[in-house]
Amino acid sequence: MCFFRRVRNVYLRCGHAVNLPEEEIKCDSPRCKFSPNHPSDCVPPSCTQTCWQYHQFPQQYAPNIDDFCPTCKAAQR
Ligand SMILES: [Zn+2]
Ligand SMILES: [Zn+2]
Ligand SMILES: [Zn+2]
């Protein structure tokens, strides 16, 4: 089942965080409406009964980076 991934880079040296654009992660299930493997002839009303119609709850991902953020780096020069 497909979902969106939200990445937020946390820069430890200055304490700033940078949100990256939301990314859609596709699954390969034929039973998911958003999947590339979903058959194009699978349409409502049957599709709504056999296939996922929603994205999974978005994943939050916040890696800690031992560095300054790009803005602070640029200001240091
Ligand atoms: Zn999917
Ligand atoms: Zn379907
Ligand atoms: Zn910063």
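Coordinates for the structure precede this section.
No experiment lies behind these values; they were computed from the predicted model shown.

Basis of the calculations
- Residues numbered from 1 in each chain as written.
- Chains lettered and ligands numbered in written order.
- Predicted model: local features only at pLDDT ≥ 70, side-chain atom pairs only at ≥ 80, totals over all residues.
- Heavy atoms only, no water.
- Helix = DSSP H or I, 4+ residues; strand = E, 2+ residues; numbered from the N terminus.
- Rg over C-alpha atoms; globule rule 2.2 N^0.38 Å.
- Buried < 20%, exposed > 50% of the residue type's maximum accessible area, 1.4 Å probe, protein only.
- Contact = heavy atoms within 4.5 Å.
- Areas by Shrake-Rupley, 256 points an atom, 1.4 Å probe, with all protein chains shown as cover.
- Lys, Arg positive; Asp, Glu negative; His and termini not counted.
- Charge placed at Lys NZ, Arg CZ, Asp CG, Glu CD.
- Donors = N, O, S within 2.8 Å, 3.2 Å for Na, K, Ca; no water.
- Tetrahedral: all angles 85-135°; square planar, octahedral: opposite > 155°, others 65-115°.
- Salt bridge = Lys/Arg side-chain N within 4 Å of Asp/Glu carboxyl O.

**Student:** Before we go on, may I ask you to explain the overall build of the chain in this structure?
**Tutor:** Within the chain one finds 2 helices and 5 strands. Ordered by position from N to C terminus, the α and β elements of the chain give β-β-β-α-β-β-α. Here the chain has a C-alpha radius of gyration of 19 Å; the compact-globule value for 77 residues is 11 Å, and the former is much larger. Counting only C-alpha atoms, the chain reaches 60 × 20 × 15 Å along its principal axes. Relative to its full complement of 77 residues, the chain shows a buried share of 21%. Put simply, of all contacts in the chain between residues at least 6 apart along the chain, 50% involve residues at least 24 apart. Carbon together with sulfur atoms contributes 53% to the accessible area of the chain, which is approximately 5,700 Å² in total. Counting 9 positive and 7 negative side-chain charges, the chain places the centres of these two groups 5 Å from one another.

**Student:** Just to check I follow, could you spell out the coordination of the zinc ion (ligand 2) for this structure?
**Tutor:** Around a metal, the perfect tetrahedron of four donors has angles of 109.5 degrees, and the perfect octahedron of six donors has angles of 90 or 180 degrees. Taken together, His-38 (NE2), Cys-42 (SG), Cys-47 (SG) and Cys-51 (SG) make up the full set of protein donors to the zinc ion (ligand 2), lying 2.0 to 2.4 Å away. Note that the zinc ion (ligand 2) binds 4 donor atoms; their angles at the metal cover 105 to 114°, and the shape is tetrahedral. Spacing between the donor residues of the zinc ion (ligand 2) along their common chain follows H-x3-C-x4-C-x3-C. Side by side, Cys-42 and Cys-47 carry an identical accessibility label, which is buried.

**Student:** Explanation requested: the pattern of salt bridges in the structure shown.
**Tutor:** Any two side chains of opposite charge can pair, so long as their charged atoms come close to each other. What the rule picks out here adds up to 5 salt bridges. Ionic pairing is found between Arg-5 and Glu-23, a salt bridge with its closest N-O pair at 3.3 Å. In this pair, Arg-5 sits in strand E1 (residues 3-11) while Glu-23 sits in strand E3 (residues 23-25), placing the two residues 18 residues apart along the sequence. A relative accessible area of 28% means that Arg-5 is categorised as partly exposed.

**Student:** I keep staring at the coordination of the zinc ion (ligand 1) and nothing clicks. Help me out?
**Tutor:** For the zinc ion (ligand 1), every protein donor is listed as Cys-2 (N), Cys-2 (SG), Cys-27 (SG) and Cys-32 (SG), and the spread of their distances is 2.1 to 2.5 Å. The site at the zinc ion (ligand 1) holds 4 donor atoms, and with the angles between them running 80 to 122°, its shape is irregular. Between the donor residues of the zinc ion (ligand 1), the gaps in sequence give the motif C-x24-C-x4-C. Within this pair, whereas Cys-2 is found in the segment before E1, its partner Cys-27 is found in the loop between E3 and helix H1 (46-50), the two being separated by 25 residues in sequence. Cys-27 matches Cys-2 in its accessibility class, with the two residues each being buried.

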